[in-house]
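# Report on the structure
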Amino acid sequence: METASLKHAEAAEAFLRDEENADWHNETLWFVRSKRDRAAHSLPEWEQLREQASQIKTHTLSRLDDYLIQLEENAKKNGITVHWAANGDEHNRIVHSILQQHNASKIVKSKSMLTEECHLNPYLIERGIEVIDTDLGERIIQLRNEPPSHIVMPAIHLKKKHIGDLFHQHLGTEAGAEDPQYLTEAARIHLRQKFLMADVAITGVNFAIAETGGFVVCTNEGNADLGAHLAKVHIACMGIEKVIPKAEHLGVFLRLLTRSATGQPITTFSSHFRKPGPGQEMHLVLVDNGRTRQLASPDFRNSLKCIRCGACMNTCPVYRRSGGHSYHTAVAGPIGSILAPNIDMKEYADLPFASTLCGSCSNVCPVKIDIHQQLYKWRQVLGEAGAVESSKKMGMSGMDVLFSHPWLYRFAGRAGRWLMQKFPSLANKPSLNPWAIHRDMPKPPAQSFRDWYAEQNKKTNG
Ligand code: SF4
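Residues numbered from 1 in each chain as written. Predicted model: local features only at pLDDT ≥ 70, side-chain atom pairs only at ≥ 80, totals over all residues. Heavy atoms only, no water.

### What about the site of the ligand?
The immediate surroundings of the ligand are formed by 13 residues, with Cys-306, Cys-309, Gly-310, Cys-312 and Cys-365 found nearest. Class assignment for the residues of the shell around the ligand results in 11 nonpolar, 1 polar and 1 charged. (Near = heavy atom within 4 Å. Nonpolar A, V, L, I, M, F, W, Y, C, P; charged D, E, K, R; others polar.)

### Overview of the pattern of salt bridges
On inspection of all chains with the given rule, the structure shows 19 salt bridges. Between Glu-20 and Lys-159 there is a salt bridge, with the nearest N and O atoms lying 3.9 Å from each other. With a gap of 139 residues between them, Glu-20 in helix α2 (residues 19-41) and Lys-159 in the loop between α8 (136-143) and α9 (160-171) connect regions that are remote in the sequence. Put simply, Arg-36 and Asp-37 hold a salt bridge, and the shortest N to O gap is 2.7 Å. Each member of the pair, Arg-36 together with Asp-37, is buried. Ionic contacts of the salt-bridge type, sharing partners, join the residues Glu-117, Glu-241, Arg-291 and Arg-308 into one network. (Salt bridge = Lys/Arg side-chain N within 4 Å of Asp/Glu carboxyl O. Helix = DSSP H or I, 4+ residues; strand = E, 2+ residues; numbered from the N terminus. Buried < 20%, exposed > 50% of the residue type's maximum accessible area, 1.4 Å probe, protein only.)

### Considering the nonpolar core
Ranked by internal contacts, the top residues of the largest apolar core, which has 56 residues, are Phe-207, Phe-253, Tyr-319, Tyr-327, Ile-335 and Ile-371. Here this core takes 7 residues from helix α12 (residues 250-261), the largest share from any one element. In contact with Ile-335, not counting residues within four places along its chain, are Ser-303, Cys-306, Cys-312, Met-313, Ile-369 and Ile-371. Within the second largest apolar cluster, 25 residues are counted, among which are Ala-75, Phe-215, Val-217 and Leu-284. (Core = buried A, V, L, I, M, F, W, Y, C linked by side-chain atoms within 4.5 Å. Contact = heavy atoms within 4.5 Å.)

### Quick word on the sheet that holds strand β8 (residues 243-244)
Spatially, 4 strands are ordered β8-β5-β6-β9 in an open sheet, and the strand pairing comes out mixed. The two strands at the open ends of the sheet, each matched to only one other strand, are β8 and β9 (269-273). Here 5 bridges tie strand β6 (residues 214-219) to β9, and the two strands are oriented antiparallel to one another. Within β9, the residue paired with Cys-218 across the bridge is Ser-270. (Pairing = 2+ DSSP bridges.)

### Quick look at the packing of α9 against helix α10 (residues 180-197)
Following both chains from N to C, one finds α9 and α10 inclined at 35 degrees, their axes separated by 11 Å at the closest point. Crossing of α9 over α10 shows left-handed handedness. When α9 is examined against α10, the residues Lys-160, Ile-163, Gly-164, Phe-167 and Leu-171 are found in contact with a partner set consisting of Pro-180, Leu-183, Ala-186, Ala-187 and His-190. Classifying every residue of the contact of α9 with α10 by side-chain character gives 7 nonpolar, 2 polar and 1 charged. (Axes fitted to C-alpha atoms, helices over the stretch in contact; angles between N-to-C directions. Left-handed = near helix turned anticlockwise from the far one by under 90°.)

### Some points on the sheet that holds strand β2 (residues 106-109)
Read across the sheet, 6 strands follow the order β1-β10-β7-β4-β2-β3 without closing on themselves; strand pairing throughout is parallel. The open sheet has two edge strands, β1 (81-85) and β3 (130-133), and neither has a second partner. Averaged over neighbouring strand pairs, the angle between their axes works out to 20 degrees when direction is ignored. As judged from the 3 bridges shared by β2 and strand β4 (residues 200-203), these two strands associate in the parallel manner. Within the sheet, the bridge partner assigned to Ile-107 lies in β4 and is Val-200. Against the sheet, helix α4 (residues 64-77) touches β1, β7 (233-239) and β10 (281-287), its axis set at about 150 degrees to β1.

### A closer look at the packing of α8 against α9
It is the contact of α8 with α9, at a shortest axis distance of 10 Å, that shows an interaxial angle of 70 degrees. Classified by the angle between their axes, α8 and α9 sit roughly perpendicular to one another. For the crossing formed where α8 meets α9, the hand is left-handed. Here Leu-136, Ile-140 and Leu-143 of α8 come into contact with α9, specifically with Ile-163, Leu-166, Phe-167 and His-170. (Parallel < 35°, antiparallel > 145°, perpendicular 65-115°, else oblique.)

### Topic: α9
Burial in α9 covers these residues: Ile-163, Gly-164, Leu-166 and Phe-167. When α9 is viewed along its axis, its buried side chains cluster within an angular range of 165 degrees and face the same direction. Residues of α9 that are buried make contact with α8 and α10. Looking one or two places after α9, you find Gly-172, whose phi comes out positive at around 75 degrees. (Arc of directions from axis to C-beta.)

### Overview of helix α22 (residues 449-461)
For α22, with 13 residues, the first-to-last C-alpha span of 18 Å sits near the 18 Å given by 1.5 Å per residue. The first or second residue beyond α22 is Gly-462, which carries a positive phi of 80 degrees. (Expected span 1.5 Å × (residues − 1).)

### Considering the environment of Ala-198
Looking at the secondary structure, you find Ala-198 in the loop between α10 and β4. Placed 169 residues apart in sequence, Ala-198 and Val-367 show a C-alpha to C-alpha distance of 36 Å.

### Comments concerning a nonpolar patch on the surface
Together, Trp-418, Leu-419, Phe-423, Leu-426 and Leu-432 make up a nonpolar patch on the protein surface, roughly 510 Å² of accessible area in all. The topology assignment puts Phe-423 in the loop between α20 (406-422) and α21 (424-427). (Patch = residues over 30% accessible without salt bridge, like charges linked within 9 Å, V, L, I, M, F, W, Y side chains within 5 Å. Areas by Shrake-Rupley, 256 points an atom, 1.4 Å probe, with all protein chains shown as cover.)

Here it is, written out as structure tokens:
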């Protein structure tokens, strides 16, 4: 197998060149993480909720086929047309064929990471369909012709100034205007026209309920409702892992989702769809795209519990410091680095290494996914598959030799301390030591911890 290039590392380096922006990104995400902490700590039953959510998901995954069939049966009884797609291409073809049946050329779309994963927008645009993303953040990045950098806050990498310039160029707002209320109002007016003209509305699905055949879409802007209620046809696209057994389980997930995502007690709109309105048509597209492969793998199955809250991104020191685009996949951050290699091992072999394995992601995950352990496992799988680049492999083999020979470890420590004492300028040269680009190396201690410990022992025991 060919090895992957250092895509994440290179993109992160480019992101970090703008130090001011990188600091701002880091602080903004940390602010969201802090809000999540306050929201979580305000609920005494938080840990019980996480445990319950995790158990519901474990149970559902153990009988996923049964629940999906139950969902299909009940959805059909409600008058929803159900489609099954094995992969992203099939999903796109199904959506396109529904549009063709209705001679639809204008669609509005609410945020759906699944359609990002399947590259639905370019597929439809190539076929002459006007696709308008109606989530404000999604519309911003669509106008910039770039992918989302975060699953919940797709334009979090942009400042007010960027959006002011963009809206001036595309929506005719005043040059230099940065007032969020003014800019949002302009987006509202622009989008309102698109909603009124749309033939078809596409939404994602946050939760589909097997017992009722209905589904729930969570938004803060009400754009999913508006689109689905105004258009004659509503197409809802979901990954097969989004099914939950019963309506009573919704309460557990809805309480966890937005508290984990943004620190809000609940999303502004939790819209329940059960059947098409009078004169309307409703379609539900169930997509596999590698999920059954993930389900069959005991090491990575748990990643299918993900409810896409984004908390693991907000807390991740690597995500905060490298920006979402450096992950070059639809779902960035720690969970994306587990999901992406399952879709294409060669293309995304760099991502499981974009982590410090500090475990903060696993600590905040509302469904208790062992994220950092799965990232560690992916490194082993990629290593065995020969998908790790040779420089990393050589480095790891070198560390293996060093750590398994105590005399060599002692010698290397001594040599390092001597070098740093005698030639401090070498240790602080960025071309020789990338750590020194932003900081000075600390002064080396006169003796190693091992020597100090032996000395203290001798003094104490005589
Ligand atoms: S892995 Fe957990 S924390 Fe990350 S997005 Fe999914 S549910 Fe949220």
